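Listed here are the chains, written in short residue letters.
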Amino acid sequence: MKFIRYAKYTGEPADAIDLEELVKRLGDFFLQSGFESQFYGVSQMDPERSMEALREAILRALQEGDLLPENAMSDELREMLNDPSAMNSQAIKDLLDKLTERLANEGFINPQQPPQVTPPPQTSARGQLGQPHKRQPEARFEITDKTIDFLGFKTLQDLLGSLGRSSFGRHDTRDLSTGIESGGVSRPYEFGDTFNMDISATLFNAVRREGPKVPIEITYSDLMVHQCEYHSSCATVVLLDCSHSMILYGEDRFTPAKRVAMALSHLIRTQYPGDTLNLVLFHDSAEEVPLSELARVQVGPYYTNTREGLRMAQRILLRQKKDMRQIVMITDGKPSALTLEDGRIYKNAFGLDPFVVGQTLEEVNKCKRAGIMINTFMLASDYSLVHFVQKITEMCRGKAYFTTPYTLGQYLLMDYMSRKTKQIH
């Protein structure tokens, strides 16, 4: 009699990996900002992402451990992963290919195959001449909006976890309004109030006026509404420095700044739906960038035109009808460029140019007159920069945070949620 022996199905190692955890580990690779990486092989000013570089990044994440469960990893696979020449193993190549395929199928990346162009053959009296073989361009990929949103959520989750318990979700004030959640005694309804009616108080007024009878006749003067805490709205422009100094001196300051801006965007969209957030990049000039493109933004060989960034931020905020308007400026250097009246760019990277500083402070003064607060997050601590930032803070009654790329997110989120009035130096 024929017997069939069944064994426990363990599945493919690639299927046992948590894709969300993998994407989180690849966050720095996906958000790379032009900073030269010795691990991922990304050139300093190359904005393109190749599939081969992605495979190398996935391999490094696997080699760091904890991604593959112990029961899904054989001794042979463990040895191959620890081998310095792991990329030469066919089993590792298959594993990386399956993981990139899963990332594409789940919508985290969008592979882009290079175009295949067949040139017309050359003909001669003796027949056709073949074209010399040319190396095909390397396959590339783009991260999707799903990945950007996921990385923003994870960054926000990590930052709020480091802050401890926090009741976020509104900007509390001392005023009362007729909103949704009851927070005070009822009052008579006035035209324009949210119709959050206090039914008990309204019926009591009607009965007291007409006496206990059925049906109860309710008039306009009987109407009572609940009072709630008034939650103010805020319009924010993140002014992000993308000059070349943000990746100089052996430190990538731009990628952490992008992470924080993505987390702030996710926080506002989910917890402060009445608020608005815009992003302005300033370099030789300034430009508004959609938040959906934030993860793809890179630094360049630029100077720092702070005044032009403030100008654009003002134009955006003056269109917003909000209770509060503020600029969150993230930078690491002094203003070193200025847009002249004829459109030319004046540049001076040596010291604090009095002409550039004077024009920049004049723009700060315009923000003050428009009621726009400037909160500055400085990623450097030079004496001249400290004095310059303190001058901006005094003029606009904002706050100055002299921090590092590692603590930037904690300070920025604490400032946004708590609206503290003290300065942290």
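About the cut-offs
- As a convention, each chain's residues are numbered from 1 in the sequence order in which they are written.
- Only residues with pLDDT of at least 70 are given local features in this predicted model, and only at 80 or more are side-chain atom pairs given and counted; all residues enter the totals for whole chains, interfaces and linings.
- Computation of side-chain values covers all heavy atoms of the structure but excludes hydrogens and water.
- Just to be clear on terms, a salt bridge is a Lys or Arg side-chain nitrogen sitting within 4 Å of an Asp or Glu carboxyl oxygen.
- Secondary structure is summarised from DSSP: a helix means a run of H or I of at least four residues, a strand means a run of E of at least two, and numbering begins at the N terminus for each.
- Note on scores: pLDDT gives the predictor's confidence for each residue, bounded by 0 and 100.
- Contacts are residue-level and defined by heavy atoms, with any inter-residue pair within 4.5 Å sufficient.
- Ring pairs shown here join Phe, Tyr and Trp side chains whose ring centres sit within 6.5 Å, with only the six-membered ring taken for Trp; geometry is labelled stacked below 30 degrees between planes, edge-to-face above 60, and tilted in between.
- Burial classes follow relative accessibility: with a 1.4 Å probe on protein chains only, a residue under 20% of its type's maximum area counts as buried, one over 50% as exposed, and anything between as partly exposed.
- Patch definition: residues with relative accessible area over 30% and no salt bridge; like charges joined within 9 Å; nonpolar side chains (Val, Leu, Ile, Met, Phe, Trp, Tyr) joined within 5 Å.
- For the area figures, the Shrake-Rupley method with a 1.4 Å probe applies, and any residue is considered shielded solely by the protein chains shown.
- Within this analysis, the arc is defined by the directions that extend from the helix axis to the C-beta atoms.

(A) Quick peek at the pattern of salt bridges. On inspection of all chains with the given rule, the structure shows 12 salt bridges. Here Arg-209 makes a salt bridge to Glu-210, at a shortest N to O gap of 2.5 Å. Notably, a salt bridge pairs Arg-311 with Glu-363, separated by 3.4 Å at the nearest N-O pair. One end of the pair, Arg-311, is in helix H9 (residues 306–318); the other, Glu-363, is in helix H10 (residues 354–369), and 52 residues separate them in sequence. Among the ionic contacts, a cluster of salt bridges with common partners joins Arg-209, Glu-210, Lys-213 and Asp-222.

(B) Examining the confidence of the model for the protein chain more closely. Within the protein chain, residue pLDDT values average 75, and 74% of them lie at 70 or more. Within the protein chain, strand S3 (residues 127–129) has the poorest average pLDDT of any element, 45, and H9 the best, 94. Within the model, the stretch residues 35–47 combines pLDDT values under 50 with 31 contacts to residues more than four positions away or in other chains. Long-range and interchain partners of residues 123–136, a stretch whose pLDDT sits below 50, account for 11 contacts in this model, where long-range means more than four residues apart.

(C) Structural detail: the packing of aromatic side chains. By the definition in use, this model includes three aromatic pairs. Considering the side-chain rings of Phe-108 and Phe-150, the 6.1 Å spacing of their centres and the 70° angle between planes classify their relative orientation as edge-to-face. Of this pair, Phe-108 sits in the loop between helix H5 (90–105) and strand S1 (109–112) while Phe-150 sits in helix H6 (residues 145–163), placing them 42 residues apart in sequence. For the pair formed by Phe-108 and Phe-150, the shared burial category is buried. Relative to Phe-355, the ring of Tyr-346 has its centre 5.5 Å away and its plane inclined at 80°; by these criteria the two rings are edge-to-face.

(D) Up close: a nonpolar patch on the surface. A cluster of nonpolar side chains, contributed by Ile-199, Leu-203, Ile-216 and Ile-218, occupies part of the molecular surface with about 340 Å² of accessible area. Of note, Ile-216 is situated in the loop between helix H7 (199–210) and strand S7 (224–231). By relative accessible area, which is 41% here, Ile-216 ends up partly exposed.

(E) Region of the structure containing helix H4 (residues 75–82). Taken together, the buried positions of H4 are Leu-77, Met-80 and Leu-81. For H4, the buried positions fall inside an angular range of 100° around the axis, keeping them on one side. Set apart from the buried face of H4 by more than 90 degrees, the exposed residues are Asp-75, Glu-79 and Asn-82. Looking at the buried residues of H4, the elements they touch are helix H3 (51–63) and H5.

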